[in-house]
Amino acid sequence: MSYYNSIPNKFNRFILLILTVAPFIAFLMLSTIGMDFNKFFTVLSYVGVILILFFSNKTNPIKFPKYLWVYLLFVLYVYYSAFFQLNGKFKMIHLTNEMIGGFNMMFIVENISISKKYFELLIKISTKVLLIAIGVIIIQQVYSKNFFLRPDMVNIHSSISGTEDRLQSIYSWVGILSVGFGFIPVLIVVVEHLDRRKKKIFLWIVFGLLYAMLTKGRWMMINAVLIFFLLIVNKKDKFKHILKYSFLIPLIAISLYFTLNAIGINVKSIIEERVLEKGERKGQNSAGTRLLAIKVFKKFYWKNAVFGVGDQKYGMGASGHHNYELSKALGGKSSQIHVGYLSLFYTYGAIGGMLYLSFLFLIIKRMYKEAKETTYWGPLLGVLGVVFANITLVYFSMLEIGIIFALLINKYYVNQKELKIAVR
């Protein structure tokens, strides 16, 4: 690689290292100069993209896979919806939107090279960040739920009971969903890395599941369970390992139950109130809000089936309020259509909805093919978390620590596979 081609590589490796320690950088930035990390990082990502475009040549052509083209079209449609369909007032700050930041980072990952030394550094740093995240969430549960919590979230959490409060660990400084997307994909990739090197992973699984449970987020608990897939998929005697973990998983669950109760964590209440939803009023529990989402979607979708109604509350240049029709139908039982894919089609219509689903299909299809070739499944499972999460969440950005980390590690595994083939 020439000196000039190394310039974009060095810069983009640097900003990817920043991303792995994002909670701490975000804490420093918000505490000192009041700057939002995601906006700052999106600006950095523009620089990375420009460097790649400027220094590209015939020997180092631009890589722009199909899934990236489709996601770009989706992002452009989101901008169209906000500033043409809804007549939002465009400002330069809107160019730092997380969706375009996610696009930039996926483009960067596709167009950089990753050395073994850099890969090992990423794993080393990410492992330490995971340990800190686990430690912090335990402190938040046992000692104070406001420990290392972003100040503007303290008042929100102070009015919620201990078993209902969704702990954020170190990730509140980055974004409210980073508690899951910043932790679980990284955990899955790290556990697979350790397992393939014959390292002990039992405690990682235990503390990873503990972390997911303490977040109180059902989608995070479901995504965390994907880790058990890794323990079987690459084993030669799969049936033997299925039997093994059929005994181990209940043992882990029982051990966690008694250990956590011994240190003052009321596991029974968490399970009853957050998983089983006992005590929640009918229609206001998770199942109730999802059924309401289906009902509201069926009622209103066809009025704007092609283009959607636009993101009137949360989108760029939005008013901060839902349209009256939707708010009345929700009746205060939910803040939005609480099924990601239904909300997608309601907001962006058939055009935006199909673009986003096509993106998910293409990226998962590609990563599945690459996982079969490399035999490393962790990155695929990390990105699959987005697919599963949007069954309940409403979140279409890819600018998350864990998602970009999974894509980057997958790039390394693919490159290593290609090098081995080339040597033969």
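Residues numbered from 1 in each chain as written. Predicted model: local features only at pLDDT ≥ 70, side-chain atom pairs only at ≥ 80, totals over all residues. Heavy atoms only, no water.

*Asks:* Mind showing me how you'd approach helix α17 (residues 340–374) here?
*Replies:* Every α-helix winds through 3.6 residues per turn, so residues three or four apart in the chain are directed the same way. Compared with the 51 Å implied by 1.5 Å per residue over 35 residues, the 31 Å span of α17 between its first and last C-alpha is markedly short. Remark: the principal bend of α17, roughly 130 degrees, maps to G349. After α17 finishes, the residue T375 shows a positive phi value of roughly 65 degrees. (Helix = DSSP H or I, 4+ residues; strand = E, 2+ residues; numbered from the N terminus. Expected span 1.5 Å × (residues − 1). Bend = angle between axes of the 7 residues up to and from the residue.)

*Asks:* Would you explain the side chain of E110 in this entry?
*Replies:* Its place among the elements puts E110 in helix α5 (residues 98–110). When its relative accessible area of 8% is taken as the criterion, E110 is described as buried. Polar side-chain contacts of E110 include one of 2.7 Å to the side chain of Y67. (Buried < 20%, exposed > 50% of the residue type's maximum accessible area, 1.4 Å probe, protein only. Polar contact = N/O pair within 3.5 Å; in protein donor to acceptor, adjacent residues only side chain to side chain.)

*Asks:* Would you mind going over the nonpolar core with me for this structure?
*Replies:* Across soluble globular proteins, you tend to see nonpolar side chains buried next to one another. In terms of nonpolar packing, the biggest core is built from 133 residues, with Y71, F74, M106 and F359 touching the most fellow members. Broken down by element, the residue count for this core peaks at 14 residues, all from α17. Not counting chain neighbours up to four residues away, the residues in contact with F359 comprise Y67, V70, Y71, M106 and M398. (Core = buried A, V, L, I, M, F, W, Y, C linked by side-chain atoms within 4.5 Å. Contact = heavy atoms within 4.5 Å.)

*Asks:* Can you help me understand unusual backbone geometry in this one?
*Replies:* Negative phi values dominate among residues other than glycine, just as trans dominates among peptide bonds. The phi angle at F148 is positive, at roughly 55 degrees, despite the residue not being glycine. Along the chain, F148 falls in the loop between α6 (116–142) and α7 (154–158). Owing to a relative accessible area of 21%, F148 belongs among the partly exposed residues under this scheme. The phi angle at S169 is positive, at roughly 55 degrees, despite the residue not being glycine.

*Asks:* How do you make sense of the environment of S115 when you look at a structure like this?
*Replies:* Considering the arrangement of structural elements, one finds S115 in the loop between α5 and α6. Expressed as a C-alpha distance, the spacing of S115 and N415, which sit 300 residues apart in the sequence, is 9.3 Å. Those residues in contact with S115, other than ones at most four positions away along the chain, are R13 and Y412. A polar atom in the side chain of S115 sits 3.1 Å from the backbone nitrogen of Y118.

*Asks:* Explanation requested: the pattern of salt bridges in the structure shown.
*Replies:* Across all of its chains, the model carries three salt bridges by this definition. Salt-bridge contacts for D152 lead to R150; the nearest nitrogen and oxygen are separated by 3.1 Å. Judged by relative accessible area, R150 falls into the buried class, the value being 16%. Note that R366 and E370 form a salt bridge whose closest N and O atoms lie 3.0 Å from each other. (Salt bridge = Lys/Arg side-chain N within 4 Å of Asp/Glu carboxyl O.)

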